[in-house]
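Results of the structural survey
Next come the chains, spelled out residue by residue.
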Amino acid sequence: MTFPSRRGVAAALALALLTACGAATSSPPRATPPAVTATSSTATAGDTVSASPPAATTAASSSDAPAALTSDPLHRIELFDVTSGTTLTLGALAAEKPLLVETMAIWCSNCRSQMHQVTDAHAAADFHSVSIDVDPYEEPADLAAYAAAQGYDWAFAKANPDVAAALRERFGTAVLNPPGMPKLLFRPDGSVELLPLNDELSADEIAALVAG
């Protein structure tokens, strides 16, 4: 297990303070979160928790794509994919095939190691992936460059305070601690599962989980 740097610890503590307050009252020192539409666990099927910039282009869906899942508030989380410049919802991806969601940070070496296993798992199983950067001080452009440099070919998005709060309220603060390698499995049947924390899964284990 690789421990985070001092900067990583500071960033994780900053995010914990941010989400504990429910929503930020001021922008982080080095990053300006995109505009959001807040929701709660009692949100209606049409509500979203948004992390997409106002000018984002929504990804087009094919005419034969299944209807997006909306039964869980987390299905309606809307994210801006910094690698493609499109918006997405977790429910739309999970309706098509199993979806693995990881919370991470650029500085987190544990995250990087786990995501290389995810890369190998994609060669063995058919599933979607989304990585959500929960460090409020990291910039979208840096996140896009990081994904490209590492060779990751799935969606990467920044979590704003409302998205972070939705995850924290559902699963606890540990889901926002990148070195714990938090992973959520969204299934096409509508279920959402938090996988064991502090556990790096092998490519074979990931492939078995998404196929199960």
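Our subject is the structure listed above.
Attention in this report is confined to the structure presented alongside it. (Residues numbered from 1 in each chain as written. Predicted model: local features only at pLDDT ≥ 70, side-chain atom pairs only at ≥ 80, totals over all residues. Heavy atoms only, no water.)

Let us look at the environment of Met115. Considering the arrangement of structural elements, one finds Met115 in helix 3 (residues 109-122). Separated by 87 residues in sequence, Met115 and Ser202 have C-alpha atoms that sit 9.9 Å apart. If we skip the residues at most four places from it in the chain, Met115 touches Glu102, Met104, Ser131, Tyr146, Tyr152, Trp154 and Phe156. (Helix = DSSP H or I, 4+ residues; strand = E, 2+ residues; numbered from the N terminus. Contact = heavy atoms within 4.5 Å.)

Moving on, we come to the pairing of strand 3 (residues 77-81). The element strand 3 is largely enclosed, with a buried count of four among its five residues. Bridge count between strand 3 and strand 4 (residues 86-89): four bridges; the pairing is antiparallel. The residue of strand 4 that forms the bridge with Glu78 is Thr89. Count of turn residues in the strand 3/strand 4 antiparallel hairpin: four residues, of which Gly85 carries a positive phi of about 75°. (Buried < 20%, exposed > 50% of the residue type's maximum accessible area, 1.4 Å probe, protein only. Pairing = 2+ DSSP bridges.)

Let us now look at the packing of helix 3 against helix 6 (residues 203-211). At a minimum axis separation of 8 Å, helix 3 and helix 6 run at an interaxial angle of 60°. Judged by the angle between their axes, helix 3 and helix 6 are oblique. Every pair of crossing elements has a handedness; the one defined by helix 3 and helix 6 is right-handed. Packed against helix 3, whose contacting residues are Gln114, Gln117, Val118, Asp120 and Ala121, the element helix 6 presents Ala203, Ile206 and Ala207 at the interface. Split by residue class, the contact of helix 3 with helix 6 holds five nonpolar, two polar and one charged. (Axes fitted to C-alpha atoms, helices over the stretch in contact; angles between N-to-C directions. Parallel < 35°, antiparallel > 145°, perpendicular 65-115°, else oblique. Left-handed = near helix turned anticlockwise from the far one by under 90°. Nonpolar A, V, L, I, M, F, W, Y, C, P; charged D, E, K, R; others polar.)

Tallying each qualifying case throughout the model produces four aromatic pairs. A centroid spacing of 5.8 Å and a plane angle of 15° characterise the contact between Tyr152 and Phe156, whose relative ring orientation is stacked. In this structure, Tyr152 and Phe156 share a single accessibility class: buried. Seen in terms of ring centroids, Trp154 and Phe156 are 5.9 Å apart; in terms of plane orientation they differ by 15°. Their pairing is stacked. Linked through ring pairs, Tyr146, Tyr152, Trp154 and Phe156 together constitute an aromatic cluster. (Phe/Tyr/Trp six-rings, centres within 6.5 Å; stacked < 30°, edge-to-face > 60°.)

Further remarks concern helix 3. Between its first and last C-alpha, helix 3 extends 20 Å over 14 residues, near the 20 Å set by a 1.5 Å rise per residue. Asn110, Cys111, Gln114, Met115, Val118 and Ala121 are the residues of helix 3 that are buried. The arc that holds the buried residues of helix 3, viewed along the axis, is 125°, so those residues lie on one side. If you follow the buried residues of helix 3, they end up packed against strand 5 (99-104), strand 6 (128-133), helix 4 (140-150), strand 7 (155-158), strand 8 (183-186) and helix 6. (Expected span 1.5 Å × (residues − 1). Arc of directions from axis to C-beta.)

Extensive coverage of helix 5 (residues 161-171) is indicated by the burial of nine of its 11 residues. Taken residue by residue, helix 5 has Pro161, Asp162, Val163, Ala164, Ala165, Ala166, Leu167, Arg168 and Phe171 as its buried positions. Near the N-terminus of helix 5, the side chain that reaches the backbone nitrogen of Asp162, with its oxygen 3.1 Å away, is that of Asn160. With its phi angle positive at about 95°, Gly172 sits one or two positions after the end of helix 5. (Polar contact = N/O pair within 3.5 Å; in protein donor to acceptor, adjacent residues only side chain to side chain.)

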